[in-house]
Every structure is written in C-alpha cells, then in structure tokens.
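Fold and contact review
The primary structure of each chain is shown beneath.
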Amino acid sequence: MNHEVRDISLAKSGRQKIEWVAANMPMLSALHREFAETKPFAGVKISLSVHLEAKTAYLCEVLAAGGASMSITGSNVLSTQDDVAAALAEAGLRVYAYHGATPEEYRRHLEMTLSHRPNIIIDDGADLVSLIHQSRPELGSEVWGGCEETTTGVVRLKAMEHQGILKFPMVAVNDAKCKHLFDNRYGTGQSVWDSIMRNTNLLIAGKQVVVAGYGWCSKGIAMRAKALGAKVIVTEIDPICAMEAIMDGFVVLPMEEAAPLGDIFISATGNKKVITVEHMLTMKDRAILSNAGHFNVEVDMAGLEEAAVEKREFRNNVMGYRLKNDRWMMVLAEGRLVNIAAADGHPAEVMDLSFAVQVLSALYIKENKGSLENRVIDVSAEIDDRIARRVLGAWGVRIDTLTREQIDYQNSWDI
Ligand code: NAD
Ligand code: SAH
C-alpha cells in the first residue's frame, strides 16, 4: 500500500494548509518552478522523516516535482498533522504517518519509509539513519548519503563518525548559516511563544521566565520572552554562553536557584534531566514546564510520572501533576518539543530557508555520489550565499556590492 494515514478524507484541509505555506516560501517555490523543467532528481529515491506538517509537505512536493520518488514519515508522533499527511497521500506520494502513533507504530512507519530502499535520506534527529545502522545494515550500501536537519541529529552522527561506523556521508544541514542562525534562533524564538500562549492563554508580560541553555534556540526564546515583557533568567553549563547571556542583559543562575523563582520554564539544551523532580519540589504552585529541545527527557518526565500523587489534564496540551507538597506542575505537550508537538512549528518564511538548504544539500549528494567520504559534511559557503541572495531578492531587499578597489583593499596587507 502507498500510504498509511489516519483519514484520507481530511485531504482538503491539508491541501489548504500546504497552499498557504507555499505562498510564503519563495525560495522553495522558485525551486519548484525550476525543478518542474529540469527534473534534477529524476530516478532518485528519497526517504524523509521530518515533522509532518504543511511546510514539510511542500518540501516533499518540491522534491517530487524535481522527479524524486518520495517515501515520507514524520519525526515526532505528536507533530504529524493528519490532514497534511492525507493531502500528500491524495497527491499520490508514499506517506506512512499518523498523529499520536504508538512507539511501535512509529517504528513501523520508519521501516515502511525505508522499504523504499532510498538513495538519499532526509532526517530530523537521525531516526532513519539510526534504524538503518541498527536493524537494516544491508540498505546502507544503496544510500548515497543523507541530510540531517537538527542539532541533536548532527551530534549523534558525529558520534557515529568518531566510532567509525557511519555507512554513508551525511550533510549537517543544521550547521549551515541559513539554517541555525534563523531556524533555531528566530524560528524557535517565535514558535515556542506562539505555542505557550495558544495553549495556556496566559499573559507573558511580568512573568518570571527561566530559559535553560543559551545556545541558538534558547537565545531566540530568551530574546522573544524579553520582548513580550517577561523577566528572564538563563541557566547554562558553558561559561562562554553564560557570559553572552549576561551581556545580552539576562540574569544567569544555576537551575537550583532559578527553580523557586520561575513562573514559566523552557528547556532547549539537547540534554537530559535539565529540570529534575528535586527542582520541581522547590517550584511555585502551577509553575509551567516546557521543552523545546530534542526529546522528552530535558524535563524529567519519567521522574515526574513516578513522583506525582495525582495527574489531571487542565487544558488541551496542559497536563497537571500534583507533587507530595501539594503543588501542581503544569507540563505542556507531554514534555516534548512544545512548539511542534502543540502548535505548527516554525513559520513558513523560516522553514523556507531550512528546507532550501535541505534541497540543495540533497542535490549536492546526488551530484557527488560515490566521491564523498562516510563523514559528517558541512554545507558549502556557496550554498549559504546562494540561498541568502535569492531569499533577499524575493523579499525585495537589495544590498551593496564590493567595488574592485574594496576587494583589493581587503586582500592587501602592505597598507
Ligand atoms: P546549541 O548547542 O546551540 O545549544 C545548547 C546549549 O545548551 C549549549 O549552550 C549548552 O551549553 C547548553 N546546555 C547543555 N546542557 C545544559 C544543561 N544541563 N543546563 C543548561 N544548559 C545546558 O543547540 P541548539 O541549536 O540551541 O539546539 C538545542 C536543542 O534544540 C537540540 O536538541 C536541537 O536538536 C533542538 N532544536 C529544537 C528546535 C525546535 O523547533 N524546538 C529547533 C532547532 C533545534
Ligand atoms: N525528532 C526530534 C526532532 C527535533 S526537532 C523530535 O521531535 O523529538 C527540531 C527541528 O524541527 C528543527 O531543527 C527545525 O528545523 C524543525 N522544525 C521546526 N519547525 C518545523 C516545521 N514547522 N516543520 C518542519 N520542521 C520544523
């Protein structure tokens, strides 16, 4: 069967969503038009595991317009939107995903996606790549290479490379400038607050917000919290990032000291047990806890499930846990990525940049198949530059050009 979606009759609503984002993704739309003529992916099989909502669907349609044979699943069972999956299935693409799949179903969907025997993998968090290495090693020899969307995925791939077990080259899409400088910072900065506001319907101004980490995502979250009128505390383990947070005007404290002060907590570190039950026991009643990092382990959900004396849903996507001290902890989106699991993820304009990097990196793999080492590969500065110039053009923004005299001046030393 070519698809396993929840309900194909939802396709009309999914199609509306895809059309809406497409109109706001100028770079992907330009590639769509170009690929319809040039068919650069003709005969190429691509398996993709990325949050299955409208922007990802449009990415899949752009690759399909370029001739790719697509096989698609989500990267998080809560971020899959059933109407969007239905629209892709209705358009004839292979789609295996539904919202709220069990861990076993999610794994089966990953396996069905790989049964396509892909030449190129597009991954978000390295789930497809891990599955090939752990259970389907025979597929590895058919894969020319892949592209990884997120920070944690790149960290995992580098660990595989260092162990000498990576079976094919993987492009670190996340590390491209046109990706993390915009997606991780401004995308997460906006979509995390969009999700917290739509799910709690509370005022942010005047609240004490605690942001764990001061990497690219956390910088965006803290910046937008400040703009909304919140007071912001940052926690870090890296002294340089902590100094950056201080110079950006934030208070830096260890989590132990921040815990009793916060009204809203957001962790975006890629690490585990950043907020523990011990921290929670010192928090205010009805503190709001959320995660924007890779997995549902940044807030210690397993520990909280065990420690809670009562558990009750207060609103859609807001689960309350009563602790032995009678205080309620309000956890958003089951401690999974709050902006994607309980909202629509990053806005279209930002995903336009990230997915342009994905498309051009996939093309790079196709054009260089067989000649790349089985390593984690950086996106070239040329790709970043090309995307930035085309997107600025689409936004109607012009910039200056170096004169010959300026180029010579920059290249000289005997001044
Ligand atoms: P990053 O490496 O730039 O930043 C992570 C920061 O967390 C670092 O500064 C590190 O020092 C800090 N940190 C690590 N352990 C910590 C701890 N115990 N306490 C406090 N700080 C700690 O990474 P990033 O690009 O900001 O990504 C962070 C996570 O978010 C990753 O898991 C990534 O995959 C994910 N991500 C999520 C979204 C989203 O839409 N929600 C978008 C992009 C990336
Ligand atoms: N599999 C992990 C994935 C980490 S999510 C998990 O869900 O646990 C982080 C990535 O999601 C980011 O790198 C970002 O590029 C991507 N993302 C954010 N908003 C998105 C959206 N609207 N559509 C598709 N991907 C999105």
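Described below are features of the structure shown in this document. (Residues numbered from 1 in each chain as written. Chains lettered and ligands numbered in written order. Predicted model: local features only at pLDDT ≥ 70, side-chain atom pairs only at ≥ 80, totals over all residues. Heavy atoms only, no water.)

**Details of the site of ligand 1**
What counts is decided by this rule: Put simply, a residue is near a molecule or strand once any heavy atom of it comes within 4 Å of that molecule or strand. By the criterion applied in these results, polar contacts are pairs of N or O atoms within 3.5 Å in which, for protein atoms, one can donate a hydrogen and the other can accept it, and in which residues neighboring in sequence qualify only through two side-chain atoms. Accessible surface is estimated by sampling points in the Shrake-Rupley manner with a 1.4 Å probe; for residues, cover comes only from the protein chains shown. Put simply, DSSP marks the helices as runs of H or I at least four residues long and the strands as runs of E at least two long, and each gets a number from the N terminus on. Asp, Glu, Lys and Arg are counted as charged, while Ala, Val, Leu, Ile, Met, Phe, Trp, Tyr, Cys and Pro are counted as nonpolar; the rest, among them Gly, fall into the polar class.
Around ligand 1, the structure places 28 residues, and the nearest of them are Thr-150, Thr-151, Thr-152, Glu-236 and Asn-339. Residue Trp-216 places a main-chain N or O atom 3.1 Å away from an oxygen atom belonging to ligand 1. The separation between a nitrogen atom of ligand 1 and a polar main-chain atom of Ala-292 is 2.8 Å. Considering ligand 1 on its own, with 860 Å² of exposed area, one finds that the protein chains cover 86% of that surface. The greatest single-element share of the shell around ligand 1, amounting to three residues, is contributed by helix H8 (residues 177-200). In the shell around ligand 1, the residues fall into 10 nonpolar, 15 polar and three charged.

**A short note on the pattern of salt bridges**
Basically, it comes down to this: Within this document, salt bridges are pairs made up of a side-chain nitrogen of Lys or Arg and a carboxyl oxygen of Asp or Glu, the two lying within 4 Å of each other. Per-residue accessibility, obtained with a 1.4 Å probe over protein chains only, is compared with the maximum for each type, and a residue is labelled buried under 20%, exposed over 50%, and partly exposed between these values.
Scanning all chains against the criterion turns up 24 salt bridges. The shortest N-O distance in the salt bridge between Asp-175 and Lys-158 comes to 3.7 Å. Here Asp-175, found in the loop between strand E7 (170-172) and H8, pairs with Lys-158, found in helix H7 (residues 151-162); they are 17 residues apart in sequence, far enough to count as distant. In this structure, Glu-305 and Lys-311 form a salt bridge, with 3.1 Å as the shortest nitrogen-oxygen distance. Given the relative accessible area of 39%, Glu-305 is considered partly exposed. Judged by relative accessible area, which is 44%, Lys-311 ranks as partly exposed. The structure contains a network of salt bridges with shared partners spanning Glu-310, Arg-312, Arg-322 and Asp-326.

**A short note on the site of ligand 2**
Glu-53, Glu-149, Lys-179, Asp-183 and His-294 are the nearest of the 20 residues found near ligand 2. Here Asp-124 contributes a backbone N or O atom positioned 3.1 Å from a nitrogen atom of ligand 2. A total of 580 Å² of accessible area belongs to ligand 2 in isolation, and the protein chains cover 95% of it. Counting residues per element, the ones that place at least two in the shell around ligand 2 are helix H3 (54-65), H8 and helix H15 (348-367). When its residues are assigned to classes, the shell around ligand 2 shows five nonpolar, eight polar and seven charged.

**Let's talk about helix H16 (residues 381-394)**
Under the convention used in this document: Expected helix span is computed as 1.5 Å times (number of residues minus one). Read the arc as the range of directions from the helix axis to the C-beta atoms. By definition, residues are in contact when any of their heavy atoms lie within 4.5 Å.
Look at H16: 20 Å from first C-alpha to last across 14 residues, which is about the 20 Å you get at 1.5 Å a residue. Three or more residues of H16 are buried, namely Ile-383, Asp-384, Ile-387 and Val-391. The arc enclosing the buried residues of H16, seen along the axis, measures out at 100°, which places them on a common side. Facing away from the buried side of H16, by more than 90 degrees, are the exposed residues Ala-381 and Arg-389. Where the residues of H16 are buried, they touch helix H2 (26-38), H8 and H15. Within two residues after H16, Gly-396 carries a phi angle of roughly 75°, on the positive side.

**Some thoughts on the packing of aromatic side chains**
The condition is simple: Pairing of aromatic side chains here covers Phe, Tyr and the six-membered ring of Trp, requires ring centres within 6.5 Å, and sorts the geometry by plane angle: under 30 degrees stacked, over 60 edge-to-face, intermediate tilted.
Using the criterion set out here, one finds four aromatic pairs in the structure. Both rings, one in Phe-35 and one in Phe-41, keep their centres 5.8 Å apart while their planes meet at 80°; by these two values the pair is edge-to-face.

**So, the packing of H2 against H16**
Short version of the rule: Axes here refer to lines fitted to C-alpha atoms; in helices the fit is confined to the stretch in contact. Angles between the N-to-C directions go from 0 to 180 degrees. Just so you know how the angles are binned, under 35 degrees is roughly parallel, over 145 roughly antiparallel, 65 to 115 roughly perpendicular, and the rest oblique.
The geometry of H2 relative to H16 is characterised by a closest axis approach of 9 Å and an angle of 105° between their N-to-C directions. By the angle between their directions, the pair H2 and H16 is classed as roughly perpendicular. Together, Pro-26, Met-27, Ala-30, Leu-31 and Glu-34 of H2 and Ile-387, Arg-390, Val-391 and Ala-394 of H16 make up the contact between the two elements. Taken together, the residues of the contact of H2 with H16 sort by class into seven nonpolar, no polar and two charged.

**Things to note about the sheet that holds strand E8 (residues 208-212)**
Applied cut-off: Following DSSP output, two strands are said to pair if at least two bridges run between them.
Spatially, the eight strands line up as an open sheet ordered E10-E9-E8-E11-E12-E15-E14-E13, and their pairing is mixed. Edge positions in the sheet fall to strand E10 (251-252) and strand E13 (310-315), since each of these pairs with one other strand and no more. Two elements, strand E14 (residues 318-322) and strand E15 (residues 328-332), share five bridges in a ladder whose sense is antiparallel. If you follow Tyr-321 over to E15, its bridge partner there is Met-329. Along the sheet face, H8 touches E8, strand E11 (264-267), strand E12 (287-291), E13, E14 and E15 and points at about 140° away from the line of E11. Sheet contacts for helix H9 (residues 216-227): E8, strand E9 (231-235) and E11; angle to E8, the most-contacted strand, approximately 170°.

**A short note on unusual backbone geometry**
Trans is the prevailing form of peptide bonds, just as negative phi is the prevailing case for residues other than glycine. The phi dihedral of Arg-286 is positive, around 70°, even though this residue is not glycine. Located in the positive-phi region is Ala-333, a residue other than glycine, with phi close to 50°. Here Ala-333 is to be found in the loop between E15 and helix H14 (338-341).

**Some remarks on the side chain of Glu-61**
Assignment of secondary structure puts Glu-61 in helix H3. Those residues in contact with Glu-61 that sit more than four places away from it in its chain are Arg-15, Ile-18, His-32, Leu-88 and Ala-91.

**Things to note about the state of the cysteines**
What counts is decided by this rule: When the sulfur atoms of two cysteines come within 2.5 Å, that pair is taken as a disulfide.
A full pass over the atoms with the stated rule returns zero disulfides. There is no disulfide at Cys-178, and the cysteine sulfur nearest it, in Cys-147, is 15 Å away. Relative accessible area serves as the criterion here: at 5%, Cys-178 is assigned to the buried category.

**Observations concerning the sheet that holds strand E6 (residues 145-148)**
Reading across from one edge, E1-E4-E3-E2-E5-E6-E7-E16 is the order of the eight strands in this open sheet, with parallel pairing throughout. The two strands at the open ends of the sheet, each matched to only one other strand, are strand E1 (3-4) and strand E16 (376-377). In this structure, E6 lies alongside E7, joined through three bridges in parallel fashion. Looking at E7, one finds that Gly-146 is bridged to Met-170. Against the sheet, helix H6 (residues 127-135) engages strand E2 (45-49), strand E5 (120-123) and E7, with an angle of about 125° to E5.

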